[in-house]
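Structural description and commentary
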Amino acid sequence: MRVTVTARHLDHTPALDAYAREKAGKLEHLFDGITAVHVTMEVGRKGRDGQRAEFIVHVAGAEPCVAHARAKTLYAAIDDAEAKLQGQLRRAKARLRRR
């Protein structure tokens, strides 16, 4: 599984990179067909948009799963997006089994 982490409008720190890669690695336990994960972290305008995280998970034999989350901290946004993806991946796996 290939994991790509991108930071927009913020410094790409090793701690955030490691945290995003750790969360992306946990998704592989849910679904074996994951080929690539792209994580984008973004900081919005001051006081308005907060921090945003986006996960795009490419799955063999299915459409990509995409999850967005906003929170006050990037760590919370990454956690929220990963939680959304868990449900999406479970549903995608069930759909592939029914085929």
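Below is a summary of the structure that appears in this document. The structure presented is a predicted model; accordingly, all values stated were derived computationally and were not measured.

For the rest of this paragraph, the subject is the overall build of the protein chain. Tallying secondary structure elements over the protein chain gives two helices and four strands in all. Listing the helices and strands of the protein chain from first to last along the sequence gives β-α-β-β-β-α. By the compact-globule yardstick of 13 Å for 99 residues, the protein chain fits well, its C-alpha radius of gyration being 14 Å. Along the three orthogonal principal directions, the C-alpha set of the protein chain runs to about 45 × 25 × 15 Å. Taking all contacts inside the protein chain whose residues are at least 6 apart in sequence as the whole, residues at least 24 apart take part in 51%. When the accessible surface of the protein chain is summed, it comes to about 5900 Å², and 49% of that surface belongs to carbon and sulfur atoms. Averaged over its 19 positive side-chain charges, the protein chain has a centre that lies 6 Å from the centre of its 12 negative ones.

One pass over the full model with this rule turns up seven salt bridges. A salt bridge links Lys23 to Asp79; the shortest N-O distance between them is 3.2 Å. In this pair, Lys23 sits in helix α1 (residues 14–27) while Asp79 sits in helix α2 (residues 74–98), placing the two residues 56 residues apart along the sequence. Judged by relative accessible area, Lys23 falls into the buried class, the value being 11%. It is possible to trace a salt-bridge network through shared partners that takes in Arg8, Glu42, Arg52 and Glu54.

The next thing to look at is the pairing of strand β3 (residues 51–59). Most of β3 is tucked away: seven of the nine residues are buried. As judged from the nine bridges shared by strand β2 (residues 34–43) and β3, these two strands associate in the antiparallel manner. Opposite His38, over in β3, you have Ile56 as the bridge partner. Direction of pairing for β3 relative to strand β4 (residues 65–71): antiparallel, over a ladder of seven bridges. Counterpart to Gln51 in the pairing with β4 is Ala71. Between β3 and β4, which pair antiparallel in sequence order, lie five residues; one of them, Gly61, sits at a positive phi of approximately 85°.

This brings us to the sheet that holds strand β1 (residues 2–8). Within the open sheet, the four strands sit side by side as β1-β2-β3-β4. Their pairing is mixed. In the strand order of this sheet, the two ends are held by β1 and β4, each with one partner. Pairs of neighbouring strands in the sheet enclose a mean axial angle of 10°, with direction left out of account. Of the strands in this sheet, β1, β2 and β3 touch α1, which is tilted by about 140° from β1. Most of the contacts of α2 go to β4, to which it runs at about 150°, and overall it touches β2, β3 and β4.

How each quantity is defined
- Residues numbered from 1 in each chain as written.
- Predicted model: local features only at pLDDT ≥ 70, side-chain atom pairs only at ≥ 80, totals over all residues.
- Heavy atoms only, no water.
- Helix = DSSP H or I, 4+ residues; strand = E, 2+ residues; numbered from the N terminus.
- Rg over C-alpha atoms; globule rule 2.2 N^0.38 Å.
- Contact = heavy atoms within 4.5 Å.
- Areas by Shrake-Rupley, 256 points an atom, 1.4 Å probe, with all protein chains shown as cover.
- Lys, Arg positive; Asp, Glu negative; His and termini not counted.
- Charge placed at Lys NZ, Arg CZ, Asp CG, Glu CD.
- Salt bridge = Lys/Arg side-chain N within 4 Å of Asp/Glu carboxyl O.
- Buried < 20%, exposed > 50% of the residue type's maximum accessible area, 1.4 Å probe, protein only.
- Pairing = 2+ DSSP bridges.
- Axes fitted to C-alpha atoms, helices over the stretch in contact; angles between N-to-C directions.

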